[in-house]
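Examination of the molecular architecture
As a plain string of letters, each chain reads:
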Amino acid sequence: MSLLTYQEARPWAKSIARVVASGAMPPWHADSRYGPYANDLRLSEDDKKLLLAWVEGGAPQGDPAELPAPPEFTRGWSQGEPDLVVTLPEPVVVDASGDDEYHYIVVPMDLDRDVWVRSAEVRPGNREIVHHATVMVMPPSLVRQGPDGPELALRTPTREALTQRVGKLTRLRSGAPVVDDGCAHADGGDFPGSRPGEGPQLGVFLPGKGPDTRPTGHAVLVPAGSFLLFQMHYSPAGERQSDQTQIGLILADAEDVEHRVKRVEIWNNLFEIPPRASRHEVTSCFTFDKTVRAISYTAHMHFRGSSMKAEALLPDGTRKTLFSVPDYSFNWQTTYVLAQPHPLPAGTVIHTTATFDNSAGNPLNPDPGATVRWGEPSDDEMMGFWIEYVDEPAAAVPNEAEGR
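These remarks concern the structure in this document. (Residues numbered from 1 in each chain as written. Predicted model: local features only at pLDDT ≥ 70, side-chain atom pairs only at ≥ 80, totals over all residues. Heavy atoms only, no water.)

1. Quick look at the overall build of the protein chain
- Tallying secondary structure elements over the protein chain gives 4 helices and 24 strands in all.
- The principal-axis extents of the C-alpha atoms in the protein chain amount to approximately 70 × 55 × 50 Å.
- Counting all 404 residues of the protein chain, 48% fall into the buried class.
- Residue pairs in contact within the protein chain that sit at least 24 positions apart in sequence constitute 82% of those at least 6 positions apart.
- When the accessible surface of the protein chain is totalled, it reaches about 19,700 Å², and 50% of it is carbon and sulfur. (Helix = DSSP H or I, 4+ residues; strand = E, 2+ residues; numbered from the N terminus. Buried < 20%, exposed > 50% of the residue type's maximum accessible area, 1.4 Å probe, protein only. Contact = heavy atoms within 4.5 Å. Areas by Shrake-Rupley, 256 points an atom, 1.4 Å probe, with all protein chains shown as cover.)

2. Focus on the packing of helix α2 (residues 13-22) against helix α3 (residues 45-56)
- Where α2 meets α3, the closest approach of the two axes is 9 Å, and the angle between their N-to-C directions is 150°. The pairing of α2 with α3 is recorded here as roughly antiparallel in orientation. The hand of the α2/α3 crossing is left-handed. Residues A13, K14, I16, A17, V20 and A21 of α2 form the contact with α3, whose own contacting residues are K48, L51, L52, W54 and V55.
- Taken together, the residues that form the contact of α2 with α3 break down as 9 nonpolar, no polar and 2 charged. (Axes fitted to C-alpha atoms, helices over the stretch in contact; angles between N-to-C directions. Parallel < 35°, antiparallel > 145°, perpendicular 65-115°, else oblique. Left-handed = near helix turned anticlockwise from the far one by under 90°. Nonpolar A, V, L, I, M, F, W, Y, C, P; charged D, E, K, R; others polar.)

3. Structural notes on the state of the cysteines
- All told, the structure shown has 1 disulfide when counted by the stated rule.
- Across the disulfide from C183 sits C285; the S-S distance is 2.0 Å. Disulfide C183-C285: the torsion about the S-S bond is 95°, which places it as right-handed. Taken as a pair, C183 in the loop between β9 (169-172) and β10 (201-205) and C285 in strand β18 (residues 280-287) lie far apart in primary sequence, 102 residues in all.
- In this structure C183 comes out as partly exposed when scored by relative accessible area, which is 25%.
- A relative accessible area of 18% places C285 in the buried class. (Disulfide = S-S within 2.5 Å.)

4. Notes on α2
- The complete set of buried residues in α2 reads A13, I16, A17 and V20. Each buried residue of α2 sits inside an arc of 100° when the element is viewed along its axis, so together they form one side. Within α2, the exposed residues directed more than 90 degrees away from the buried face are K14, R18 and S22.
- Elements that come into contact with the buried residues of α2 comprise α1 (6-9) and α3.
- G23 sits one or two positions beyond α2 and adopts a positive phi of about 90°. (Arc of directions from axis to C-beta.)

5. Section: the sheet that holds strand β5 (residues 130-138)
- On the basis of which strands lie adjacent, the open sheet formed by 4 strands has the order β3-β13-β5-β10 and antiparallel pairing. In the strand order of this sheet, the two ends are held by β3 (101-108) and β10, each with one partner. Direction aside, the axes of adjacent strands within the sheet are offset by 15° on average.
- Pairing geometry for β3 and strand β13 (residues 227-234), over 8 bridges, is antiparallel. Bridging from a neighbouring strand, H103 pairs with M232 of β13. (Pairing = 2+ DSSP bridges.)

6. Some points on the side chain of T170
- Assignment of secondary structure puts T170 in strand β9.
- The exposure class assigned to T170 is buried, which follows from its relative accessible area of 7%.
- Engagement of the side chain of T170 in a polar contact is seen with the side chain of R165, the distance being 2.9 Å.
- Setting aside residues up to four positions removed in sequence, T170 forms contacts with T163, Q164, R165, W374, G375, E376 and P377. (Polar contact = N/O pair within 3.5 Å; in protein donor to acceptor, adjacent residues only side chain to side chain.)

As structure tokens, this is what we get:
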């Protein structure tokens, strides 16, 4: 619904009061005991009281003469006109019905110099069919020339052995080993022999997510000769349609960049959720071998995801909660940007615990009777925790992580 005028908003007054009082709106799912976050959407207690009092008082209209000018919305890029735009080279056609599709499209950037990206916005060409889009920086060493142009060359033997391509989706093979407690295994729950890298992600389009904007003085390095990998997740929408997604980049001058932003994605890819399990627990672990400062956290699961918590096991034996989403929502996949970077000394273990609700009590559950494993379609599951960070000299971070 539109809330631009009093006449449009007034019929929704009681509904607005209900969702504000319950905390359902504005959408924010991070536990307030951890953080704080620079992009916190929640209303202050004073704003809540003011709004609820207005509704309880009959939601009267104020003096129309004191109305502020209506907001002006700019079509196109919400972050302003980009310095550089990269577009899928050809439209991707998606059939009217059938399974979801994942496409991995490698696009040359044709850069003859390094550039620093301060902000990135992924703009779908067709929101009817783009479920999500992720754009990552790929060095030439991970790209090969295929029959139809450049393609991704990064495939580990173990991943190939444990997964299979079904149509245009990748899923775990039947009989793959089950590892629910990834922290009890050397690979942390990831595919055996895999280790998360520092590959920078430029931007993501997800439900409820805005542009990826880094803090002042922070930027992602895109070296000369790099490629962009567009991971496109499409959902059929009842008729044959096409998409040509873009990413718009706002650049920073090198002399203004104090910190190079990196990213690690911590996964458990080998879990198994039993049928009708209402609180199935899965863990993953990753150890930083250097001193870093975390700047943002993102939890990623599908329909059955219900909560996620990330803890830091510090070298001195201290265990500290970094982040918690006690009521995860697949419809609001927020990147939580820290108000201040969080120091993590070398040797810190990131211990992530996720819970999944595969019961009939989960209204989003596609099939409570299914045994659920990792897979790209939303009907399967994923368990990922992503940290953006910057490197710091070891001497800059005390072992107690500054007591936070």
